[in-house]
Structure formats: structure tokens, C-alpha cells
Amino acid sequence: MTPDPADTPSLPISETFVSVQGEGKLTGVASWFCRVAGCNLRCGWCDTPYASWDPVGEKRPVADLVAEARDAGVGHAVLTGGEPMIFAPLAQLSRGLADAGIHVTIETAGTAWLDGLVCDLMSTSPKLANSTPTDDPRDPTGAWAKRHEQRRLQPETLSRLLASFPDRQLKFVVTSPADLPEIDALLATITGWSADDVILMPEGVTVPDPESIAWVVEACQSRGWRYGHRLHIQLFGNTRGT
Ligand code: SF4
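Residues numbered from 1 in each chain as written. Predicted model: local features only at pLDDT ≥ 70, side-chain atom pairs only at ≥ 80, totals over all residues. Heavy atoms only, no water.

(A) Quick peek at the overall build of the protein chain. A count of helical and extended segments in the protein chain gives 7 helices and 9 strands. Taking 2.2 N^0.38 as the reference for a compact globule, 242 residues should give roughly 18 Å; the C-alpha atoms of the protein chain span a radius of gyration of 18 Å, in line with that estimate. If one aligns the C-alpha atoms of the protein chain with their principal axes, the spans along those axes are about 60 × 40 × 35 Å. On the protein chain, roughly 10,900 Å² of surface is accessible, and the fraction owed to carbon and sulfur atoms is 53%. Taken together, the 20 basic and 30 acidic charged side chains of the protein chain have centroids lying 3 Å from each other. (Helix = DSSP H or I, 4+ residues; strand = E, 2+ residues; numbered from the N terminus. Rg over C-alpha atoms; globule rule 2.2 N^0.38 Å. Areas by Shrake-Rupley, 256 points an atom, 1.4 Å probe, with all protein chains shown as cover. Lys, Arg positive; Asp, Glu negative; His and termini not counted. Charge placed at Lys NZ, Arg CZ, Asp CG, Glu CD.)

Below, the structure written as C-alpha cells:
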């Protein structure tokens, strides 16, 4: 019997593409990227507004996505967004990829838990106060700013995500030294991480000049954290599909 399309697990997808991972511990690794359309946050500086503020995409069956990842032949898949963890069929996609022998990275803000997930690298990016869309013209009533502020840090969920998978990282987008006390305070409240998992990435969609990021380098050196380069920005600029 042909399955009813309504029963077929599917995900809203903004884009899929093959590129090199631009951020984090697996920087430079050729990967198949799968970006869901939809997010439970609204960062003011979001660099993928087509997957958050104005989500655009089409529903695609999980089986098709697994087949595409297998055909890509690169052995690594990055499930990103938007916020992939708010979509239950992500668990089926992760299991399908793992069954195909593909290494799975999940990129998430770390505010939601999902049962049944398979993940080799849990890549969290907790959102600091610098992300709240204060006085953003896309949020004229301020409703999203309020929601974002309530949701952006979920220490219990974050700790569970960090402790539940073989490898993990915490990527923080930073805009000024004023962000450091907030990071220190958050890290003091969560478990399941080591200094080697913490990565600071200067905010922006261009390659930063060395002077402007000297304080980031110094913070990493003094705390045993990693400096997070954005290789894809250097290689391709801020363009979709990279
Ligand atoms: S969590 Fe990520 S996708 Fe969602 S608004 Fe923030 S930067 Fe954009």
C-alpha cells in the first residue's frame, strides 16, 4: 500500500547544499548542510533571516533528505537552521543519517530537547543579551524581543544537551568585552562542558580586522577557550548555500 503523504515524516527546509564547515571543531570538513526553515528565537543580528524572521522553505520527506545526504558522499551532515530542535522529525532524520554511516552535527541555540535524537557533535550556540532584537523594525510591538529574552537561555536543557552526546561545543557570538561576564555567569550554571569546548566568535558577516578582535583572542588565551574563525565568510562571503 502506498503510504499517505500526510503520514510521511517531513521537515520544512530552507536549503540543502554541500560546502565546508565554516565554524567550530570541524572547521574545514566537507559536509552536507540541511537548513530547516523556522526558529523559536529572533536574534537581531541573525545571518539567516530566511530561516527565522521570514522563514521560506518547502516540506521535504526525511527519506529524500537521507538519500540526498548519502548521494553527496561527504560523510558528514550538519543539521542547522533556524532551530532544528523544534521539529520532531529531526530525530528520524538524524537516525537515518547515522544508519547510513554519516557523522551528524546538530547546530542549535540549546533551548529545546528532542527525544530519539542521534548526534555525534552537539554544537550549541547559546544566545547572549547582545542577540535580543531591541527596537528592531521587524518587531514593531516588541513581542518577539520579549519572547526572545524569555527563551534564549535554558540552562537545564543546555546541560542535558551537552552531557548526552559523544562530543559537544559551545559557540558564543560576541560583540564586545561586556559579553564576557554573561558567558562566565552562564558557564557557572551549566554542566557537561570543558574549557576546550568553548568557542568565541566575533559577530559580523565580514572578516574582522585583527585590531577589533584582539580582546576576543585575549579572552580565549586567558580562559583556555578557542577563538572561532568563520572560514565560510573568508572563502565565500556572506552568501546562501555556503
Ligand atoms: S537562533 Fe539562529 S536562526 Fe534563530 S534567530 Fe538566532 S541566529 Fe537566527
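(B) Structural detail: the site of the ligand. The immediate surroundings of the ligand are formed by Cys-39, Leu-41, Arg-42, Cys-43, Trp-45, Cys-46, Thr-48, Ser-52, Gly-82 and Lys-127. Using a 2 Å cut-off from the grid points, one finds that the ligand occupies the largest pocket. Tallied by class, residues from the shell around the ligand come to 5 nonpolar, 3 polar and 2 charged. (Near = heavy atom within 4 Å. 1 Å grid on protein atoms, 1.4 Å probe; cavity = no way out; pocket = protein on both sides within 12 Å on 5 of 7 lines; lining within 4 Å. Sits in = over half its atoms within 2 Å of the grid points. Nonpolar A, V, L, I, M, F, W, Y, C, P; charged D, E, K, R; others polar.)

(C) View of the nonpolar core. Leu-79, Leu-93, Leu-97, Ile-106 and Leu-117 are the most contacted members of the largest nonpolar core, which totals 27 residues. When contributions to this core are tallied by element, the ones reaching two or more residues are strand E1 (10-20), strand E2 (30-36), helix H1 (62-72), strand E4 (76-80), helix H2 (89-99) and strand E5 (103-108). Non-local contacts of Leu-97, meaning those with residues more than four positions away in its chain, are made with Trp-32, Val-66, Ala-69, Ala-77, Leu-79, Ile-102 and Val-104. If you look at the next biggest cluster of nonpolar residues, it comprises 18 residues, including Leu-158, Leu-170, Val-198 and Trp-225. (Core = buried A, V, L, I, M, F, W, Y, C linked by side-chain atoms within 4.5 Å. Buried < 20%, exposed > 50% of the residue type's maximum accessible area, 1.4 Å probe, protein only. Contact = heavy atoms within 4.5 Å.)

(D) Molecular detail of the pairing of strand E7 (residues 167-174). Counting buried residues along E7, 7 of its 8 residues qualify, which places the element largely inside the surrounding structure. Here 4 bridges tie strand E6 (residues 121-124) to E7, and the two strands are oriented parallel to one another. Counted as the bridge partner of Thr-124 is Leu-170 from E7. Each parallel crossover has a hand, and for E7 linked through helix H5 (residues 179-189) to strand E8 (residues 198-202) it is right-handed. (Pairing = 2+ DSSP bridges. Right-handed = clockwise from strand over helix to strand, strands pointing away.)

(E) Local environment of the packing of aromatic side chains. Counting across every chain of the model gives 2 aromatic pairs. Centroid distance Phe-17 to Phe-33: 5.0 Å. Interplanar angle 5°. Geometry classified as stacked. Here Phe-17, found in strand E1, pairs with Phe-33, found in strand E2; they are 16 residues apart in sequence, far enough to count as distant. Taken individually, Phe-17 and Phe-33 each receive the classification buried, so the pair is uniform in this respect. Seen from the ring of Trp-144, Arg-42 lies directly overhead, with NZ or CZ sitting 3.8 Å from the centre. (Phe/Tyr/Trp six-rings, centres within 6.5 Å; stacked < 30°, edge-to-face > 60°. Lys NZ or Arg CZ within 6 Å of the ring centre and 35° of its normal.)

(F) Spotlight on the pairing of E5. With respect to burial, E5 is a largely interior element, 5 of its 6 residues being buried. Relative to E5, E4 runs parallel, the two sharing 4 bridges. Within the sheet, the bridge partner assigned to Ala-77 lies in E5 and is Val-104. After leaving E4, the chain enters H2 and then returns to the sheet as E5, a path that is right-handed. Direction of pairing for E5 relative to E6: parallel, over a ladder of 4 bridges.

(G) Up close: the layout of surface pockets. Considering only enclosed or pocket space, the largest pocket measures out at about 790 Å³ in volume. In terms of lining residues, the largest pocket is bounded by 41 residues, among which Arg-35, Asp-47, Thr-48, Thr-80 and Gly-81 are the most central. Those elements giving two or more residues to the lining of the largest pocket turn out to be E1, E2, E5, E7 and helix H7 (231-236). Its residues assigned to classes, the lining of the largest pocket shows 13 nonpolar, 16 polar and 12 charged. (Points joined across faces, edges and corners; volume = space filled by probe spheres on them.)

(H) Structural view of the pattern of salt bridges. For the structure shown, the criterion picks out 13 salt bridges. Ionic pairing is found between Glu-182 and Arg-152, a salt bridge with its closest N-O pair at 2.8 Å. Taken together, the residues Glu-182 in helix H5 and Arg-152 in the loop between helix H3 (143-151) and helix H4 (155-163) connect sequence positions 30 residues apart. Using a relative accessible area of 7% as the deciding quantity, one classes Arg-152 as buried. Across the salt bridge formed by Asp-196 and Arg-226, the nearest N and O atoms sit 3.1 Å from each other. With a gap of 30 residues between them, Asp-196 in the loop between H5 and E8 and Arg-226 in strand E9 (residues 226-227) connect regions that are remote in the sequence. Through salt bridges that share partners, Glu-23, Glu-107, Lys-171 and Arg-230 make up one connected network. (Salt bridge = Lys/Arg side-chain N within 4 Å of Asp/Glu carboxyl O.)

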